[in-house]
Amino acid sequence: MAKHPQSLFSKYLRVTGVVALYWTVSISMVFLNKYLLKSESLQLNAPLFVTWWQCVITVLLSMLCDFVASRNPKMMSFPSTKFDMKLSREALPLSIVFVSMITFNNLCLREVGVAFYTVSRSLVTIFSLIFTYFILGKTTTIKALGCCSIVLGGFLLGVRQESLGEMSNIGVMYGVIASACVALNAIYIKKVLPAMDGNIWKMAYYNNLNAVVIFIPMILISEVGELVGFAKLFELGFWISMTTSGFMGFFMGYVVGLEIQVTTPVTHTISGVAKACLQTVIAVLWNTEIKTTLWWFANLMVLGGTGAYSVVKSLDMKVQHETEKDRHEGGSEEAKKTLV
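Residues numbered from 1 in each chain as written. Predicted model: local features only at pLDDT ≥ 70, side-chain atom pairs only at ≥ 80, totals over all residues. Heavy atoms only, no water.

Chemist: Any chance you could explain a nonpolar patch on the surface here in plain terms?
Modeler: Where nonpolar side chains cluster on the molecular surface, the patch consists of Ile130, Tyr133, Phe134, Ile135 and Leu136 and spans about 500 Å² of accessible area. Examined against the element boundaries, Tyr133 turns out to sit in helix H5 (residues 124–136). (Patch = residues over 30% accessible without salt bridge, like charges linked within 9 Å, V, L, I, M, F, W, Y side chains within 5 Å. Areas by Shrake-Rupley, 256 points an atom, 1.4 Å probe, with all protein chains shown as cover. Salt bridge = Lys/Arg side-chain N within 4 Å of Asp/Glu carboxyl O. Helix = DSSP H or I, 4+ residues; strand = E, 2+ residues; numbered from the N terminus.)

Chemist: Teacher, can you tell me more about the environment of Phe104 here?
Modeler: Here Phe104 shows up in helix H3 (residues 85–111). For Phe104 and Ala180, which are 76 residues apart along the polypeptide, the C-alpha to C-alpha distance reads 10.0 Å. Discounting chain neighbours no more than four positions away, the residues touching Phe104 are Tyr174, Ile177, Ala178 and Cys181. (Contact = heavy atoms within 4.5 Å.)

Chemist: Hey, could you run me through the packing of helix H2 (residues 47–71) against helix H10 (residues 236–262) in this one?
Modeler: Following both chains from N to C, one finds H2 and H10 inclined at 60 degrees, their axes separated by 8 Å at the closest point. With respect to H10, the element H2 is oriented oblique. H2 and H10 meet at a crossing whose hand is right-handed. Packed against H2, whose contacting residues are Phe49, Val50, Trp53, Gln54, Ile57, Thr58, Leu61, Ser62 and Cys65, the element H10 presents Phe238, Trp239, Met242, Thr243, Ser245, Gly246, Phe247 and Phe250 at the interface. Class assignment of the residues belonging to the contact of H2 with H10 gives a composition of 11 nonpolar, six polar and no charged. (Axes fitted to C-alpha atoms, helices over the stretch in contact; angles between N-to-C directions. Parallel < 35°, antiparallel > 145°, perpendicular 65-115°, else oblique. Left-handed = near helix turned anticlockwise from the far one by under 90°. Nonpolar A, V, L, I, M, F, W, Y, C, P; charged D, E, K, R; others polar.)

Chemist: Just checking my understanding: could you explain the packing of H3 against helix H8 (residues 200–222) for this structure?
Modeler: Between two packed helices, what matters for the description is the angle formed by their axes and the separation of those axes. Two elements in contact, H3 and H8, have axes whose closest approach is 7 Å; the angle formed by their N-to-C orientations is 65 degrees. Considering only the axes of H3 and H8, their crossing is right-handed. Each of Leu87, Ser88, Ala91, Leu92, Leu94, Ser95, Ile96, Phe98, Val99, Ile102 and Thr103 in H3 lies in contact with H8, whose residues at this interface are Lys202, Met203, Tyr206, Asn207, Asn208, Asn210, Ala211, Ile214, Phe215 and Met218. Tallied by class, residues from the contact of H3 with H8 come to 14 nonpolar, six polar and one charged.

Chemist: Help me understand the pattern of salt bridges in this model?
Modeler: Pairing of side chains with opposite charge becomes possible as their charged atoms draw close. In this structure the tally under the stated criterion is five salt bridges. The closest approach of N and O atoms between Glu111 and Arg110, which form a salt bridge, is 2.9 Å. Judged by relative accessible area, Glu111 falls into the partly exposed class, the value being 22%. Judged by relative accessible area, Arg110 falls into the buried class, the value being 12%. One salt bridge connects Lys291 with Glu162, and the closest N-O pair in it is separated by 3.6 Å. Placement of Lys291 in the loop between helix H11 (265–286) and helix H12 (293–339) and of Glu162 in helix H6 (residues 142–162) is noted, with a sequence separation of 129 residues between them. (Buried < 20%, exposed > 50% of the residue type's maximum accessible area, 1.4 Å probe, protein only.)

Chemist: Would you explain the environment of Ala186 in this entry?
Modeler: Mapped onto the fold, Ala186 is located in helix H7 (residues 169–192). Ala186 gets classed as partly exposed once you look at its relative accessible area, which sits at 40%. Along the primary structure Ala186 and Gly175 are separated by 11 residues, whereas in three dimensions their C-alpha atoms are 17 Å apart.

Chemist: It is not clear to me how the side chain of Glu223 should be interpreted in this structure. Could you clarify?
Modeler: Here Glu223 is to be found in the loop between H8 and helix H9 (224–228). The side chain of Glu223 is buried and forms no salt bridge, while Arg110, the nearest opposite charge, is found at 6.1 Å. Every residue in contact with Glu223, bar those within four places of it in the chain, is listed here: Ala46, Pro47, Leu48, Phe49 and Met218. (Lys, Arg positive; Asp, Glu negative; His and termini not counted.)

Here it is, written out as structure tokens:
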């Protein structure tokens, strides 16, 4: 009996540690990416090159994990990174959406402040409902639609309040496109994942490998001149920042999976909402910005609507699961009566 409280305390401590790790990595990555994409000290205007290098790091780290796992199978497991053209082709539609998503995501972050970043990319939930209906033919509940209307209202109010100061219209447009791409990316992940034996790491490897190739002609066309004239291209500090950003992107995949494992998917979403709140506050304080009450209210609407939507969808899934379970059990009972 004496060990039970200690065991419970250890469990709470582990959950707290994992959530804190997710918040730290996620927030640090956003601020580091903002520095790489647009900062007075760096003065680099090559978002595609920055994003391409992050994909390169993910591919290299995947190969390293495969190498370690093959030498020490008891220590860790990781899917093979031996190239398979069939799997690469299977992942290509997802990779195209993925490239669009991370490109517009970084373009949005470059143009808007970190404080407004959450609102500018808040329409993911709205686009998820739209694409789910038109692509998968699935409808949603009134409660979920109500949550989406709160998110949409928060987005419109946030844009209105941001426009009272210095707002980048192109940044908001990038955010809307990024939101649509995030929603499409989630749908394509579900389609591609079975071809990857349901393994997230294998899918991420081929996805990023394809992305590395897709980005090359885009960089050659639009950013070579910028890179040639970039004064810090051969400085160690620049490449440390670039590589750290790529490592964080790879590590985020593990941290997100770990948080969902020690909590639940809904708790992870709520944790993400709370993280976004803290990220916004840090950005406002860091840049010594002054925001209106309505600006803060718009952020709360977006975050609250997103969190509520996650809870509603979770409850809907539970009801659907129970209904299917009852239908299956009812069918079994009918079959038994028929046999008798």
